[in-house]
Amino acid sequence: MKQLRIFIRKEFAHVLRDRKTLLILFGMPVVQILIFGFALTNEVKNSKILVVDHARDIASQQLVAQIEASRYFEIEKTAWNQQQIERGFHEGQIKMAIVIPVNFGQELMHQNDVQVQLIADASDPNLATTLINYASSVIQDYQLQVNETTKIPYRIIPETRMLYNPQLKGAHNFVPGVMALVLMLVCVMMTAVSIVKEKEAGTMEILLVSPFKPILVILSKAIPYLLLSLVNVTSILLLSVFLLDLPVHGSIVLLFAESTLFIITCLSLGIFISVKTDSQQTAMLISLMGMLLPTILFSGFMFPIENMPVPLQILTNIIPAKWYYIIVKSIMIKGLGIASIWKETLILAGITVFLLVISIKSFKIRLA
Amino acid sequence: MKEAVIKTENLTKRFGDFIATNALTLEVYTGEIFGFLGANGAGKTTAMRMLCGLSIPSSGNATIAGYDVYRETERIKKNIGYMSQKFSLYEDLTVLENIRFFGGIYGLSDDEIARKSDALITQLGLQNEAKKLVSGLPLGWKQKLSFSVAVLHQPKIVFLDEPTGGVDPVTRRQFWNLIYDAAEKGVTVFVTTHYMDEAEYCNRVSIMVDGKIEALDTPHNLKKKFNAFSMDEVFYQLARGAQRAE
Amino acid sequence: MLQYYMNTTEPMSTRITPPAIVADNLTKVYGAEKTTAVNAVSFMVERGELFGLIGPDGAGKTSIFRMLTTLLLPDGGNALVDGHDIVKDYQQIRHTVGYMPGKFSLYPDLTIAENLNFFATVFNTTIEENYHLIKDIYVQLERFKDRRAGKLSGGMKQKLALCCALIHKPTVLFLDEPTTGVDPVSRKEFWEMLKRLKEQNITILVSTPYMDEATLCDRIALMQQGSILAIDTPDAIIKSYPDILYAIRAEKMPALLKVLGTSNTVATSYAFGEYAHATFKEHIHQEQDIVSMLQYAGMDNIEVKRIQPTIEDCFIKLLHA
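Here the structure is a predicted model, which means the values were calculated and not measured.

A. How the structure looks around helix H10 (residues 287-296) of chain C. All names here are of chain C. All buried positions along H10 are accounted for by Ile290, Val291 and Leu294. Taken end-on, H10 shows its buried residues confined to a sector of 100°, consistent with a single buried face. Across H10 from its buried face, at more than 90 degrees, point the exposed residues Gln288 and Tyr296. As for H10, its buried residues are in contact with strand E11 (245-249), helix H9 (253-262), strand E13 (275-280) and strand E14 (303-307). Following H10 by one or two positions, Gly298 has its phi on the positive side, about 95°.

Written out as structure tokens, the structure reads:
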């Protein structure tokens, strides 16, 4: 036990004395949260939009006035035909267009059913979703006002069309995604690199030619990074609660338990990579390309899984980050308990056990 | 005849308050084999870097092949060759590719490269290995090849940093034959080594201790002066009192 | 079991303890091209002996070390360290041996004291317990004990690595090229430390590419390309040199070497420090004959003397054989 303690203390010394690693370790989560947070909160204010009002009746003017009054939108200009919308998007003057049909007021009053078209530039999907959401809520507000003054419940159904990226999926809640990314980076890359570093330095040879059990080498490499990763989880959660006003709806304890499970998954992967590689560069490259990229692509964080071709959809099931992402989203945003996510947890646990077993089995007690 | 190709005067390099190389003053002549000896940490590497134009001195003057170490480092680099034990050739390129590459970066024409690589491969007896990866060659051959590559562009001076470390005694001597050949053609050879018998092969040697040159003369005169039988003894007498670490 | 073992002068039954190292036809083959790094190497190291593997890079020294320290599995043959089989009993071996790999193998970001303390703990011991073993060496490092290992000079790194390999009082100490790249003064100091360790009855297997270090060992094996060329005490190897060796010097050494190299009376010749070493085809040559021959060839200030060969001469001879 004393051996283990000394070993872990040594690992901490390595991390704490290497300023660059330290900066990556603790700076990265903050930077990521800030980057994602900024992209989401700042740009939607006073977005320039274009209004095509075919109706030009009282109701449509009321609606336009209401939109203009909100702090989200600024009406760049009004236009009369579709071509102008297209040009507006191409020239980058506008982010969204609202098309109000002919006879808007009349249809609203008499048929109780009218469609408004919202067209957004979805080359920036985050922004497009946000704008559409805001516009929809403004329209909803207007609808409520109309409902108060009349007896018949009129309904406006906003019909949205996403340009350039029609399968856009909401990317609201990036925090679970950032958590998966950061843990993947910290645990997989750092663990792999720290073990390979010992191989490169020749210290691994000495450790192997000592009574110190190889399994303990693994354990003492894993524990420090487990602890550091939990610090990262905490800092991400603090940032998201206090900086981004995104509270944790579900159980914090459950969230940490699930995070620990995912961290162990990542650590096993890191150990596995370190066994198969001999240089720090290779370890880093494999961690980045082989682990991080699939996480970004296939976890559902950036790209919706439902729209992938079936073989890729099946492939996403072996990406641990996918399950972790679902779990965190459920706990943090939907506020669900273990009863709703036991299936995902079980799958993640299964992957973890599998990875842990093969990485420990493949850890060599000799060189080469 | 005695034209100095390396000329330094009080050349000094400081790192903070640490003086790595302290007032280095020496002259090395055309076609000379100059042994640059010193204990680990005596400041050899720092001095050599300044002479190669890789590191700007803190004070003092030096001209290498007639060029100033402060202002004309690019010209210096064109006129010198460099070989070290640690980095010499690309292991994952073939013998021929290495020769072409290094010929290319020194600006030799394609014709020259073709001609010289043929000559070099014949001279070293590497005809069968020309298209094999360097990683498969025995260390001694690698070192011989990398020396030949370092003098491919006919530099005025070639700097050799422990070129024979770990090489077997026979190959080591073959390596020195290459050095003699180069020196005969007028190339100045500036060499560091930990083999004291190799110090005897040099025309003159300097011994550095704690950043300063403590002795500079022919091996013969040094042994006389220190009343020693071998260069090993001379070195030991001088370096024994060394205080500092790398 | 092992043939080499049986061939020793002592009968096995009278041995109280097994020899420190017995290697029997140890073989290591690498890669798809089946390069033989170690080719059926056999030798034995007695307890308390300082045994040297002498040879250039690529001789197979490191592979032998790694097999004996259980880091590599042999592809043929077998070996016993401290009486334990290197394949089956690797765990026992790991408890008893000390190992200092060729390249710098400490943590550069830990201080001297931290490194030593770490390795002591890894080996289930404390610095205090075996301080007497490392005391001589450690006192030279102690005033820097809070300095990080990466900031030490080559010689000091070497000393620290030796301390770390010694801290658990190993029965057999494996030192793979401890003096490579180290200046002659530090090398001398290092060998003096080894001599003192030998007095503590620790068996030492050391490898080096520097031929001049061979005479500091009790027994040596001269190695080249995976095979042992000769194995004996340095004195015996020198005595077995078959020819008469002359050291020759003249005014112009390069010219002298050329003359010797082209003369048909010369068997072998090569530069050796300030002299040229040469052997001649017929033994009728007296010093005076050689002088006349060289004078005839235009050499001045000729000095010729018969000398005792060094290990390096023996090695060169064995390579040509």
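B. Region of interest: the interface of chain C and chain B. At the interface, 32 residues of chain C touch 30 residues of chain B. Summed over both partners, the interface of chain C with chain B buries about 2,500 Å², with 58% contributed by carbon and sulfur atoms. At the junction of chain C and chain B, the tally comes to 5 salt bridges. A salt bridge links Asp232(B) to Lys188(C), with the nearest nitrogen and oxygen atoms 3.9 Å apart. At the boundary of chain C and chain B, one finds 9 residue pairs in polar contact (both at pLDDT 80 or more).

C. Up close: the pattern of salt bridges. If you walk through the whole model with that rule in mind, you get 33 salt bridges over all chains. Residue Lys305(C) pairs with Glu303(C) through a salt bridge whose shortest N-O separation is 4.0 Å. If you follow the salt bridges from partner to partner, you end up with Glu200(B), Lys223(B), Arg249(C), Glu274(C), Glu303(C) and Lys305(C) in one network.

D. Just the domain arrangement of chain A, in detail. By the assigned domains, chain A splits into domain 1 (8-39 + 173-362) and domain 2 (43-163). With centres defined by C-alpha atoms, the gap from domain 1 of chain A to domain 2 of chain A works out at 43 Å.

E. Just the confidence of the model for chain A, in detail. All names here are of chain A. Confidence in the prediction for chain A averages 82 pLDDT; 90% of positions are at 70 or higher. Averaged over each element, pLDDT in chain A is lowest for strand E5 (residues 155-163) (56) and highest for helix H10 (residues 252-276) (93). Here residues 162-172 is a poorly scored stretch, pLDDT under 50, and it has 28 contacts once near neighbours within four places are set aside; other chains count.

F. Broad picture of the side chain of Glu162(B). Positionally, Glu162(B) belongs in the loop between strand E7 (157-161) and helix H6 (169-184). For the buried Glu162(B), which has no salt bridge, the nearest side chain bearing the opposite charge is Lys44(B), at an N-O separation of 4.6 Å. Polar side-chain contacts of Glu162(B) include one of 3.2 Å to the side chain of His194(B). Setting aside residues up to four positions removed in sequence, Glu162(B) forms contacts with Gln85(B), Thr192(B), Thr193(B), His194(B) and Gly181(C).

G. Region of interest: the sheet that holds strand E4 (residues 59-64) of chain B. All names here are of chain B. If you trace the 4 strands from one edge of the open sheet to the other, you get E2-E1-E4-E5, paired in antiparallel fashion. Looking at which strands have only one partner, the edges of the open sheet turn out to be strand E2 (18-29) and strand E5 (67-68). With 8 bridges connecting them, strand E1 (residues 4-15) and E2 associate as antiparallel partners. Note that in E2 the partner of Ala4 across the bridge is Tyr29.

H. Structural detail: the UniProt feature "transmembrane region" (unreviewed entry) in chain A. When the UniProt feature table is mapped onto this chain, "transmembrane region" (unreviewed entry) is found at residues 21-40, 174-196, 222-244, 250-273, 285-303 and 346-363 of chain A. For residues 222-244 of chain A, the helix share is 91%, the strand share is 0%, and the end-to-end C-alpha distance is 31 Å.

What counts, and where the lines are drawn
Residues numbered from 1 in each chain as written. Chains lettered and ligands numbered in written order. Predicted model: local features only at pLDDT ≥ 70, side-chain atom pairs only at ≥ 80, totals over all residues. Heavy atoms only, no water. Buried < 20%, exposed > 50% of the residue type's maximum accessible area, 1.4 Å probe, protein only. Helix = DSSP H or I, 4+ residues; strand = E, 2+ residues; numbered from the N terminus. Arc of directions from axis to C-beta. Contact = heavy atoms within 4.5 Å. Buried area = accessible area lost by both parts, 1.4 Å probe. Salt bridge = Lys/Arg side-chain N within 4 Å of Asp/Glu carboxyl O. Polar contact = N/O pair within 3.5 Å; in protein donor to acceptor, adjacent residues only side chain to side chain. Domains from an automatic or database assignment. pLDDT = per-residue confidence, 0-100. Lys, Arg positive; Asp, Glu negative; His and termini not counted. Pairing = 2+ DSSP bridges. UniProt positions renumbered as here; feature names shortened; annotations may be inferred.

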